[in-house]
Amino acid sequence: MSTVELIFAALSLLLTILILSYLVLGDNPMFRFAAYAFIGVAAAYVVLVTFDQVLWPKLIQPLINGTMERRILLATPLLLCLLLLAKLFPGISRVGNVPMAYLVGTAAAVTIGGALMGTLLPQSLATASLFDLSSNPAVESVGVGGVLVDAVYILAGTLAVLLYFYFGTKSRPNQPARQPGWIEKIGKAGQFFIAITFGALFAGVYTAAVTALIERVSFLVDFFRQLGI
Amino acid sequence: MEEIRCPMCSKLNPAENEECQYCNARLKPLVASAEGAGEQAGPQEGEDAPEWINRLAEFEDHSGDEPAKTAADQPAPAADTGPAEPGSWLARLQKDVEKYEESKADLPAVEPEFPASPAAGDSLPEWLRNVRQAANRDLVEPPLGVPVIEPGSSEEDAWLEKLRNQKFEPPEKPILDVNPDAGLVEPPAEPDWLHAFPDRKEESVEGEPAASAASGLPEWLSGGAPSTEPEAISDWNTGSQPVQPAEIPDWLGDETPSHPAEEQPVEEKPALPPGISTEPEVDKPDWLIELEAHAPQAPAPFPASPMLNFDQPPAGEVAARVENNFPAEELPDWLASFGPAASQAPAVDGTSAQAGDEHTGGEAAPADLPSWLRAMRPIETVAPSPAARRESDQREEKTGPLAGLRGTLPAEPSLASFQRPPSYIARLQPTENQERYKSIFEELIANEKEPQPTRAAGLISPQRLWRLIIAVLLLAAVVVPFVTGISFLPLPGLLPQETLDMQTAIDALPANAMVLVGVEYEPSLAGEMESAAAGVVDHLMKKGARLAVISTSPTGPALADRLFDQVTALPEDYHASYTGGEKLANLGYLAGGPAGLMDFVLRPQAAAPAMLDDGTSAWQQPALRGVNSLDDFSLFLLITDDQQSGRTWLEQIQPRTAANAPLLVVSSAQAAPVLSSYLDGRQVDGLTAGLAGGTIYEQLLQHPGPGTGRWQAFVLVMAVSLVVIILGTAVDLIMEYLAARKANAEA
């Protein structure tokens, strides 16, 4: 291990211990120091990366060394960047609404189009295709019955969850508005599927946290082993 | 210093001022100068005038607020001052009578002091002598148009008998009884010297001859007084007290023969200046002629004063009788000329009002008050009083279809009336239950105020203790496998289908296949993601695929370098081409999130033009040589720890990939449940998640990696965690059961 690697390894060890101090001491200055240092370093790193990998190679350098056509094309993003800086000053912050509107509009259009073409339609087709036994390769392994059970289970879970989030009610005279009975019952079943999904997500989160802990302990053990301790 | 009060603004001014120093109104009336001018023709005060007239003059001088003087203070035209002169002293006489009436009730009976009879002849003014002469002439020569009645004839007897039999009927209201609120004149009170006369009304009315002998009459009255004189005086006195002929001054007695006694109501004498006389000025007094000569121009008829404003019609019967018995032919010419003007001027007495009636067809024309006089009226006469408002409710509609109707609703009665909104006092009237709640609430507040004994804080709370215990257990479960090297559980033998599909997809890659690797995880989950992705990346390297790394996270490129460094750290021959950058190109950070990713899909060379390491053109490097579009990539590998970033890649990349280019996903354990749905939809061709998935993939490759080395710790920690969860749940259930049992026992 080189000296630089040793220094960085020692610094990593120190910061790891400071973070783990939260287990024993709770919220303490050592934990906060490590947390603040992480946040600061991460923010600074983002700024540097943005300037080094975005602004400089894609805006400033072409404006300096690029052709005239390239410069003209870059005038629009440059102007939008300058207008976006107006958001820092309350007096002229309204000027920054133009690039903000452009950013939000573009992001919304891309996201909605992607969600429609990449999630909604393919997922709907996937749910329906489970009943296509001819094209389902799982028929050979689990049989037709197994495939149908799987398809019905997924379909029932999907519909139950969708009905759980159905908040429409029917108004009746002199009676409080409430959902139809069959929707309420299916919605209760949808809660079951939602609980299972949340349980899986929580298990994944806990697993990810345990894995991070294991990685840190492994790092400490490896560090001390390399030191010969 | 003597001061006088301005009649206009009521402010005090020095006596020598002729005009008010505040409003420039004239303080000394022009009449005063006229009097001065008339000293040559008329009797001088204190010298030739009777003493009682002097006293009246003095009284007038000191009564500055008298309406008559107020009117005289105005710059009246000189033409009006002539008639005003004889009227002024008569007006003073009226005022004297009024004042006497007002003080009569309080003062004891005092013997009236009659003024000495003025000296006949030179002391009389010329106009008065003319009057006397005209009267004497009228006695001899009847006026034109009047039939001559011979004395002792039947016609005379009938006329006289008619007058004698004509009983005086006092009017319902005095002739000058006008509404005081309207600023009109009170009925003339009897002067004190009239009260001294014995009551001879009955005799006068009955037409009996006067009881007084000629010797009893004074000298000034004894000259040719007709027998009807006492009757006339009694009628003029409205029957209250007959006037003793002996007490009438001689100067007045000279005039009485020309007028029947009953034709001299006191209201007639103060004939106020009615207007401009068109009669020859020979009949006017000299002082009047002189004043007219000094007048700049003939003004409009003298405006009505408040005391002349009649709102009510004159007492018709008496006034008509007086008018009939006081023909114009018997008046002096200059006085008779006032007749037409009097119809337009305000009616002062019944005579003038009657004259006005004749000219206006029986209706007395309402007098117009001048603006300066309206301004002087008391505010009470202008402001609507409640009574006036009630009267306004009965007003007559003048215009419109409701013309002639009374009591109609006004156009905007309520809009114009504003009043303070009523104020209501909201006083709570609590019920018994509210009172009970109030007492309970007060008890609660009182209990809160009492200090409660504080429980002694322990050195460490149970929650913190349990947290420490769990932390120690987990740390021990992690450390023990690394320290001891003991394998508590075997490596996973169950191979998920998605992991097998991933292996199959990578194995199907051709040599030098172009693979796009997306690194979309954060440093906090780098340990898990490196354990999960190390086997897959190593498999790609083993297949000799060219790797192009891109990330939409700023920290992604650095984490990618760290991942590849860990993978290539293992001593393998195929790693050499990746450490030199021949088959690995880190394109760095792709700004813009979904938009940047879409831009990369459409124009990869423009979206990520440079290498991360040296900034050189990435697409000229050996790793990316021959790649111009997204279709040139043979496989797409996404390494993500977040479902959102994974879904972005799936939504933006997957629909535009080639049909034969598989999309593989390496995710963290927390994102796997969501991304696995894309696996079921055939959008993802292979999936491996978390440390477990990485370990399984390493088992498939038979190439141990970081996942395999951490598997024992992972399994042990998960086992301890499971035990802790089970024990905690059991303890919680037991405590709840004990609490419920205790509660039941207490119940």
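Residues numbered from 1 in each chain as written. Chains lettered and ligands numbered in written order. Predicted model: local features only at pLDDT ≥ 70, side-chain atom pairs only at ≥ 80, totals over all residues. Heavy atoms only, no water.

## Let's talk about the overall build of chain A
Quick note on the threshold: Secondary structure elements follow DSSP: runs of H or I no shorter than four residues count as helices, runs of E no shorter than two count as strands, and numbering proceeds from the N terminus. Only protein chains enter the accessibility calculation, which uses a 1.4 Å probe; a residue whose area is less than 20% of its type maximum is buried, one above 50% is exposed, and one in between is partly exposed. The contact definition used throughout considers only heavy atoms, calling two residues in contact when any of these lie within 4.5 Å. Computed by Shrake-Rupley with a 1.4 Å probe, the accessible areas treat only the displayed protein chains as cover when residues are assessed.
A count of helical and extended segments in chain A gives six helices and two strands. Order of helices (α) and strands (β) in chain A, N terminus to C terminus: α-α-α-α-α-β-β-α. For chain A, with 229 residues in total, the buried portion stands at 24%. A fraction of 32% describes how many contacts in chain A between residues 6 or more apart in sequence connect residues 24 or more apart. Summed over all atoms, the accessible surface of chain A reaches about 15300 Å², with 74% contributed by carbon and sulfur.

## Description of the side chain of Thr119 of chain A
With respect to the helices, strands and loops of the structure, Thr119 of chain A is situated in helix α4 (residues 97-129). Classification of Thr119 of chain A by relative accessible area gives buried; the value is 16%. Leaving out residues up to four positions away in the same chain, Thr119 of chain A has contacts with Gly114 of chain A together with Arg647, Glu651 and Tyr678 of chain B.

## Overview of the state of the cysteines
Residues and elements named next belong to chain B. This is how the line gets drawn: We call a pair of cysteine sulfur atoms a disulfide whenever their separation is within 2.5 Å.
For the coordinates displayed, the defined rule picks out zero disulfides over all chains. Counting only cysteine sulfurs, Cys23 is the nearest neighbor of Cys6, a cysteine outside any disulfide, at a range of 3.4 Å. Residue Cys20 stays outside any disulfide, its sulfur separated by 3.4 Å from that of Cys9, the closest cysteine.

## Here we look at the pairing of strand β8 (residues 686-689) of chain B
Residues and elements named next belong to chain B. This is how it is decided: We treat two strands as partners when DSSP finds at least two bridges between them. Orient the strands so they point away from the viewer; a crossover is then right-handed if the path from the first strand over the helix to the second runs clockwise.
As judged from the four bridges shared by strand β7 (residues 663-667) and β8, these two strands associate in the parallel manner. Within the sheet, the bridge partner assigned to Ser667 lies in β8 and is Ala689. For the segment spanning β7, helix α28 (residues 672-680) and β8, crossover handedness is right-handed.

## Some words on a negative patch on the surface
All names here are of chain B. This is how it is decided: For patch building, the residue pool is restricted to those with more than 30% relative accessible area and no salt bridge; the joining distance is 9 Å between like charges and 5 Å between nonpolar side chains (Val, Leu, Ile, Met, Phe, Trp, Tyr). The salt bridge criterion pairs a side-chain nitrogen of Lys or Arg with a carboxyl oxygen of Asp or Glu, the two atoms within 4 Å. When charges are counted, Lys and Arg are positive and Asp and Glu negative, with His and the chain ends excluded. One atom stands in for each charge, and that atom is NZ of Lys, CZ of Arg, CG of Asp or CD of Glu.
A cluster of acidic residues, Glu432, Glu435, Glu442 and Glu443, forms a negative patch at the surface. You can see Glu442 is positioned in helix α19 (residues 432-449). Judged by relative accessible area, which is 44%, Glu442 ranks as partly exposed.

## As for the environment of Gln683 of chain B
Keep this limit in mind: Pairs of N or O atoms within 3.5 Å make up the polar contacts considered here, provided that, within protein, one atom can donate a hydrogen while the other can accept it, and that residues adjacent in sequence are counted only when both atoms are side-chain atoms.
Structurally, Gln683 of chain B is set in the loop between α28 and β8. In this structure Gln683 of chain B comes out as buried when scored by relative accessible area, which is 4%. Counting along the chain gives 33 residues from Gln683 of chain B to Leu650 of chain B, while the straight-line C-alpha distance between them is 7.6 Å. In contact with Gln683 of chain B, other than residues within four places in its own chain, are Gly118, Pro122 and Gln123 of chain A together with Gln654, Leu663 and Tyr678 of chain B. A polar contact is formed between the side chain of Gln683 of chain B and the backbone oxygen of Gly118 of chain A, at a distance of 2.6 Å.

## Concerning the interface of chain A and chain B
Which entries qualify depends on this criterion: Accessible area that two parts lose when put together, evaluated with a 1.4 Å probe and summed over both, is termed the buried area.
Taken together, the contact between chain A and chain B spans 42 residues of the former and 50 residues of the latter. Between chain A and chain B, roughly 3800 Å² of surface is buried when both sides are summed, and carbon and sulfur atoms account for 67% of that area. Applying the counting rule to chain A against chain B returns one salt bridge. The closest approach of N and O atoms between Glu215 of chain A and Arg562 of chain B, which form a salt bridge, is 3.6 Å. The tally of links from chain A across to chain B stands at eleven residue pairs in polar contact (both at pLDDT 80 or more). Counting residues per element, the ones that place at least two in the side of chain A that touches chain B are α1 (3-25), α2 (29-65), α4 and α6 (181-227) of chain A. Per element, the largest residue contribution to the side of chain A that touches chain B is 18 residues, and it comes from α6 of chain A.

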